[in-house]
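# Geometric and topological summary
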Amino acid sequence: MSAIRSVTARRVWDSRGNPTVEVDVQLEDGSFGRAIAPAGASRGRREATDLRDGGFRLRGKDVGRAVRNVVDTIGPVLVGMDAQDQTSVDQAILALDPSPDKSLLGGNATVATSMAVLHAAAAHKEIPLWQHVAQLYGYTPSLPLPEIQIFGGGAHAGRRVDIQDFMIMVPGAASFDEVMEITNEVYFAAGDIMAARGALAGIADEGGWWPNFRSNEEALETLVAAIEKAGEKPGERVVISLDIAASEFGSDGRYRLALEDKEMESGAMIDLLGQWLDAYPIVSIEDPLGEDDPSGMIEFTRRYGERVQIIGDDYLVTNTALVAKGVSDGACNCVLIKVNQIGTVTEAAATYDAARTAGWTAVVSARSGETEDTSISHLSVGLGSQQLKVGSFQRSERMVKWNECLRIQDTLGAHNFAAGAALSKTWWAGKLN
Ligand code: PGA
Ligand code: ZN
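The residue numbers shown here count from 1 along each chain, following its written sequence. Chains carry letters and ligands carry numbers; both start at the beginning, A for chains and 1 for ligands, and go up in the order they are written. Reporting in this predicted model follows two pLDDT cut-offs: at least 70 for local features of residues, and 80 or more for side-chain atom pairs to be given and counted; totals over whole chains, interfaces and linings ignore these cut-offs and use all residues. Side-chain figures throughout are based on the complete set of non-hydrogen atoms in the structure, without hydrogens or water.

## A closer look at the sheet that holds strand β11 (residues 262–265)
One key point about sheets: their strands pair by backbone hydrogen bonds, in either a parallel or an antiparallel sense. For the record, the criterion: A pair of strands is considered paired only if DSSP assigns at least 2 bridges between the two. What counts as a helix is a DSSP run of H or I of at least four residues, what counts as a strand is a run of E of at least two, and both are numbered from the N terminus. Should any heavy atoms of two residues lie within 4.5 Å, those residues are considered in contact. A fitted line through C-alpha atoms serves as each axis, taken over the contacting stretch for helices, and the angle formed by two N-to-C directions is quoted from 0 to 180°.
Pairing is antiparallel in the open sheet, where three strands are placed in the order β9-β10-β11. Two strands close off the open sheet at either side, each with one partner strand: β9 (250–251) and β11. Note: strand β10 (residues 254–257) against β11, four bridges, orientation antiparallel. Looking across to β11, one finds that Arg256 is bridged to Glu263. Against the sheet, helix α7 (residues 266–279) engages β10 and β11, with an angle of about 110° to β11.

In structure tokens form, the structure reads like this:
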């Protein structure tokens, strides 16, 4: 009775006001699943295609073709299939689009469908989605350590600062709930400091403060000051995490920091980041070099991989083959998991598996364009991903994901929290002994 009866799709709107794809899946027993595709702004070049209609209407961003692909092409093939067999469902979707980047169907069409099926199967079993995910993939569920943005930058804040995400983590917290409390204090302390300095320009795409800093380092100094103003000692319970998103300001091994009017080669970029690692309590750094700079990424990992978590986002795009290559090259030691970068739940879970098997950590992540969909909170818990990144401490498309984790905490128990252990690749982990 968990056979799929119908698959329908519609256009809805995301947190940036852009059209996106929502899919509803109904099973023969009446069980129901729904999911919405998110959308990135600083997308990796090798990601699954975010299929848009183009032209002038809705600035070319309409998703009419992707919606029709779900209704006319994917749906008819899935009807009658068992929703509990996620692998076969996703394979059937993949068979419809042999392109390497899902450019025929659109990754936005496939991801919303794949996740809606996942929801429907959980509903059929009358269990929460995180529990279904844990059963499906054989992981022990746990509440993740959040990475929460304090300032936005890069493509999410009009490129006012070059670095995209200035975040904190609270590995010293006793529970997920306590992380939220401490982060709240730091977030508003940062806002107060910026307002007093005339550096507060608004709210960026992911809910962090939109800063008006004179240098990237001023952002780091302000972040440290905010942690202190919140009554914490930087590097103790609270630490810093950065998403450099270097592909946004670098190509072919050359990087241009517009704010400082500085242009440099890969080696100098590595040195600069190394200075920041020495000067600030940074435990995690995402895309420190560009997606087209593997030798830079390998060198950065060689120099700092024992000390900090090095996350590949644009560099790995949730792709199993790219993770396998990163492992054999010695580039990165952590993967960011964004289901829509690859396009189906099955492929994302395989990438997650490959990373964990290699001894890497993994961070389940939202996109900068998000919605009320909370699937990733459940995926993070169900895969036991240990870390979750969904943006800042404001705007409901972000808070809905944090709040969902708080609800899961009530069922799972506050003690099932990854906390400091989530940072096995960093100097902070040494503090646990
Ligand atoms: P995006 O960026 O969702 O805009 O691509 C988020 C990130 O780089 O982590
Ligand atoms: Zn990123």
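The structure having been displayed, the exposition proceeds.
## Some remarks on the pattern of salt bridges
Convention followed: Salt bridges are counted wherever a side-chain nitrogen of Lys or Arg sits within 4 Å of a carboxyl oxygen of Asp or Glu.
Under the counting rule described, the total for this entry stands at 38 salt bridges. Residue Glu397 pairs with Arg395 through a salt bridge whose shortest N-O separation is 2.9 Å.

## With respect to α7
The condition that has to hold: In this analysis, the expected span of each helix is defined as 1.5 Å times one less than the number of residues it contains. Here the term buried applies to any residue with accessible area under 20% of the maximum for its type, exposed to any over 50%, and partly exposed to those in between, with areas from a 1.4 Å probe on protein chains only.
An ideal rise of 1.5 Å per residue puts 20 Å on 14 residues; α7 measures up with 20 Å between its terminal C-alpha atoms. By the burial criterion, the buried members of α7 are Ser266, Met269, Ile270, Leu272, Leu273, Gly274, Trp276 and Leu277. Residues of α7 that are buried make contact with α6 (216–229), β8 (239–243), β10, β11, β12 (282–286) and α8 (294–304).

## Observations regarding the coordination of the zinc ion (ligand 2)
Note the threshold: Because no water is among the atoms considered, metal sites can look incomplete, with donors defined as N, O and S atoms within 2.8 Å of the metal, or 3.2 Å for Na, K and Ca.
Within the first shell, the zinc ion (ligand 2) binds the protein through Asp243 (OD), Glu286 (OE) and Asp313 (OD), at distances of 2.1 to 2.2 Å. Counting residues between consecutive donors of the zinc ion (ligand 2) along the chain gives the motif D-x42-E-x26-D. You can see Asp243 sitting in strand β8 and its partner Glu286 sitting in strand β12, a full 43 residues away along the chain. Side by side, Asp243 and Glu286 carry an identical accessibility label, which is buried.

## Considerations on unusual backbone geometry
Look at Arg59: it is not a glycine, yet its phi comes out positive at around 50°. One can find Arg59 in the loop between β3 (32–36) and α1 (64–78). Note on Arg59: relative accessible area 61%, which makes it exposed. In this structure, Val317 takes a positive phi of about 40° despite not being glycine. Overall, the relative accessible area of 0% leaves Val317 in the buried class.

## Focus: the domain arrangement of the chain
The condition is simple: By convention here, the domain bounds are inherited from an automatic or database domain assignment. Put simply, buried area is the surface a 1.4 Å probe can reach on two separate parts but cannot reach once they are joined, added for both. Here a polar contact is recorded for every N or O atom pair within 3.5 Å, except that within protein the pair must consist of a potential hydrogen donor and a potential acceptor, and residues adjacent in sequence are included only if both atoms are side-chain atoms.
According to the domain assignment, the chain consists of domain 1 (4–126) and domain 2 (137–429). Taking only C-alpha atoms, the centre of domain 1 and the centre of domain 2 are 27 Å apart. The interface of domain 1 with domain 2 comprises 31 residues on the first partner and 33 residues on the second. On the domain 1 side of the interface with domain 2, the three residues burying the most area are Ser15, Ser42 and Arg46, jointly 24% of the side's total. One salt bridge in this structure joins Asp292 and Arg45, with 3.7 Å as the shortest N-O distance. At the surface where domain 1 touches domain 2, the tally comes to 23 residue pairs in polar contact (both at pLDDT 80 or more). When contributions to the side of domain 1 that touches domain 2 are tallied by element, the ones reaching two or more residues are β3, α2 (86–96) and α3 (107–125).

## Description of the sheet that holds strand β1 (residues 4–13)
Read across the open sheet, the three strands follow the order β1-β2-β3; overall the sheet is antiparallel. Strands at the two margins of the open sheet, each flanked by one partner only, are β1 and β3. Across this sheet, the average inter-strand angle for adjacent strands is 15°, counted without regard to direction. Pairing between strand β2 (residues 19–27) and β3: five bridges, direction antiparallel. Across the sheet, Gln26 pairs through a bridge with Phe32, a residue of β3. On the sheet, α1 packs against β1 and β2 and is oriented at approximately 170° with respect to β1.

## Things to note about the packing of aromatic side chains
Test applied: What counts as a ring pair is set by centres within 6.5 Å for rings of Phe, Tyr and Trp (its six-membered ring), and what kind of pair is set by the plane angle: stacked under 30 degrees, edge-to-face over 60, tilted for all other angles.
Enumeration according to the criterion identifies ten aromatic pairs in this entry. On the numbers, 5.1 Å between centres and 75° between planes, the contact of Phe151 with Phe213 is edge-to-face. Of this pair, Phe151 sits in strand β4 (residues 145–152) while Phe213 sits in the loop between β7 (209–211) and α6, placing them 62 residues apart in sequence. Take Phe151 and Phe213: they sit in the same class, and that class is buried. Where Phe249 meets Tyr255, the ring centres are 6.3 Å apart and the plane angle is 70°; that geometry is what we call edge-to-face. Taken as a pair, Phe249 and Tyr255 share a single burial class, namely buried. Counting every residue linked through ring pairs, the aromatic cluster contains Tyr187, Phe188, Trp209 and Phe393.

## Some words on the pairing of β12
Rules: Whether a crossover is right-handed comes down to one check: with the strands pointing away from the viewer, does the path from the first strand over the helix to the second run clockwise; if it does, it is right-handed.
With respect to burial, β12 is a largely interior element, five of its five residues being buried. As defined by bridge partners, β8 adjoins β12 across four bridges and the pair is classed as parallel. If you follow Leu242 over to β12, its bridge partner there is Ile285. Relative to strand β13 (residues 309–312), β12 is paired through three bridges, and the arrangement is parallel. When the bridges of β13 are listed, Ile285 appears paired with Ile310. Between the parallel pair β12 and β13, the chain is carried across by α8, and the sense of this crossover is right-handed.

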